[in-house]
Structures are given as structure tokens and as C-alpha cells.
Amino acid sequence: MPTREARKFGAAQSHKTPPPTQPLSRFGQATISGMTPANAVLILAVFGLLGGSVVSQRARTGLAWFGVPILCAFSLKRMHSGFDLVHELTFYASYHADWRNQLVHVVFVPLLVFTAMIFLAYVPPLSRATPLGMPLNWATLAALAWSGHHVKCEPLVGLFTSLVTFGSALLATLIVQRELPPTKGKGKGMPAVRYGQAARWAGALHGLSWYMQIHPGHAIFEGRKAALLDALIQSFMDGPLFIWMEVAFRLGYDPALRVQLESAVAAQHAAWALAS
């Protein structure tokens, strides 16, 4: 396994500011040209399932069976293919350069992940196994997908991000486990009016989180569209890592990487200005 010094040396060789006319992202995702039809379909499907998950167990099940495998596939592809750390971070950072927008995301991205975990925790797990004492349900499977990608991108900050993500999955599972499905007639079980209460609260917080990021964050502070309009899955995967990278940068972590990232973002903004 390469040492941190070797990884930084490799980064110094490959983390060069891309030419202004070069599309930012790989794998057919975000480019200056904007939203693709495939990304538009993904947005409609995922947000439809997220909205339905507030009140519908079918929507939660659809979110688990549709969304989590996509996260896992993205993570596995990144883990088994080469990547450039600055390039990976530049995609998301180019849409989040204003410090006020970054602060909004530091608060509400973890809340988005946590409330999504609550939706997933309602879906029956594929296995009753509890490796390392953790339930193997859809929430922890999603946390595993995020964590693999984050640790691969940046081991130290990625590990911290993974701990936060798994903590969200476990807390969501504990909250949902306190609710039992309603039973017919007399017997044990939470009344139907109480079942799904956590999902309703999660839905309110989830909606608030999206509003705060899109309206004050992007429309007012950033003055630029959200990254998910160009690449939904990459935005979902990179967002949690990016916010903690920004916190780490503010605390003095890896100043050389921060300078490289800021230079790459400036070049991307210049490319967008030329293309507009």
C-alpha cells in the first residue's frame, strides 16, 4: 500500500489545473453542457421516492432497492479504478465556493443523510446477521457504500466522515426499531397512527434541508445551480466528504491540497464564464 508521502507525490504529479476548455468530470457526468437526460430521469426517480418515503412503505422499499445499489455500484467503481483527488473534489467544490453556502451544507448535508437513513431503516433487511455488532440493513449498507468511496478518496478525513455516516445509520435504525408495524385486531404492536412517525418527522427535516441548500445556499449565497443538476449520484457521494474536507481545511489540514483545489475551482469558474 502506498505511503501518505507517496500518495502526495503522486497527487503533486497528477493534480494539475485542467485547461479551461476541458470538461470537469469523467464517466459521462458533469460537464459545462449541463444536465443529461439520464441524470434528469435519475433526479425524478430519486426525489419521487424520497418524497413518497415520508408516508409510504412502498416508496421506502423502492428507495432501498433502487437507490442503495446505485450507491454501491458507484463506490465499487471508484474503489477499483484510478481517480484524481483534486479532480474529484473540484467537481463539488466548483458549485460550493461561497463560504456561506459551505456553512449551510456543513449543517444540512449530514441532516439529509441522517433522514434518508431513517427512510431506509424501515425496509426489512436482506439478512438478520449483525457483523461487528451492527445490523446489516439498508441504512448500514448505504453507509458502507459512502464510506468505501470516502476512505478511498482521502483516508484520514474519509475515515472521520465514515464514522459520522455509520453513526447516522445506527441512530436511524435505533429510532425506527422503537416502532413496530401495526397488527390486526388485538395484540402487540404500535397503533397505526404512531407507526411511521419517525418517517414523518424525517420528511419535514429532509425537506427543510433541501430548501436551505437550494434557496439560501445556491440561489442567494452562491448564485449558481446545485451540483446534483449535472451529476446526481456523484453529488450524493461527494457531498458528505466535501463538507468535512472544508472543515479540515479551515483547521489547517493539508494546505498544499487546499491551494491545488482552489486553483482548480478558479479554472473551472473561468471555463464556465467563457462558455456562457
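To keep things clear, this report deals only with the structure shown in the data block. (Residues numbered from 1 in each chain as written. Predicted model: local features only at pLDDT ≥ 70, side-chain atom pairs only at ≥ 80, totals over all residues. Heavy atoms only, no water.)

### A few points about helix H5 (residues 99-121)
Now for step 1: In this model, H5 (23 residues) spans 33 Å end to end at C-alpha, consistent with the 33 Å of a helix rising 1.5 Å per residue.
Now for step 2: If you look at H5, its biggest bend is around 30 degrees, right at valine 106, and the proline proline 110 turns up within four residues after that.
Now for step 3: If you check the start of H5, you find a side-chain oxygen 2.8 Å away from the backbone N of arginine 100, and it comes from aspartate 98. (Helix = DSSP H or I, 4+ residues; strand = E, 2+ residues; numbered from the N terminus. Expected span 1.5 Å × (residues − 1). Bend = angle between axes of the 7 residues up to and from the residue. Polar contact = N/O pair within 3.5 Å; in protein donor to acceptor, adjacent residues only side chain to side chain.)

### What to know about the nonpolar core
Now for step 1: With 40 residues, the main nonpolar core has Met117, Ile118, Leu120, Ala142, Trp146 and Leu232 as its most contacted residues.
Now for step 2: Going through the elements one at a time, helix H2 (37-52), helix H3 (57-79), H5, helix H6 (138-153), helix H7 (155-177), helix H8 (197-222) and helix H9 (232-250) are the ones with two or more residues in this core.
Now for step 3: Residue contributions to this core peak at 8 residues, all from H5.
Now for step 4: In this structure alanine 142 touches Val68, Leu71, Met117 and Leu120, once residues within four positions along its chain are discounted. (Core = buried A, V, L, I, M, F, W, Y, C linked by side-chain atoms within 4.5 Å. Buried < 20%, exposed > 50% of the residue type's maximum accessible area, 1.4 Å probe, protein only. Contact = heavy atoms within 4.5 Å.)

### A look at a nonpolar patch on the surface
Now for step 1: Together, Trp99, Leu103 and Val107 give the surface a local cluster of nonpolar side chains, amounting to about 330 Å² of exposed area.
Now for step 2: With respect to the secondary-structure elements, valine 107 resides in helix H5.
Now for step 3: A relative accessible area of 47% places valine 107 in the partly exposed class. (Patch = residues over 30% accessible without salt bridge, like charges linked within 9 Å, V, L, I, M, F, W, Y side chains within 5 Å. Areas by Shrake-Rupley, 256 points an atom, 1.4 Å probe, with all protein chains shown as cover. Salt bridge = Lys/Arg side-chain N within 4 Å of Asp/Glu carboxyl O.)

### Observations regarding the packing of H5 against H6
Now for step 1: Two numbers describe how H5 lies on H6: the axes approach to 7 Å, and their chain directions differ by 140 degrees. In this view, H5 runs oblique relative to H6, as classed from their interaxial angle. Between H5, through Val113, Met117, Leu120 and Ala121, and H6, the contact on the second element is made entirely by Trp138, Ala139, Ala142, Ala143 and Trp146. (Axes fitted to C-alpha atoms, helices over the stretch in contact; angles between N-to-C directions. Parallel < 35°, antiparallel > 145°, perpendicular 65-115°, else oblique.)

### Quick look at the side chain of glutamate 154
Now for step 1: With respect to the secondary-structure elements, glutamate 154 resides in the loop between H6 and H7.
Now for step 2: By relative accessible area, glutamate 154 is classed as buried at 0%.
Now for step 3: In this structure the side chain of glutamate 154 is engaged in a polar contact, spanning 3.1 Å, whose partner is the backbone nitrogen of leucine 156.

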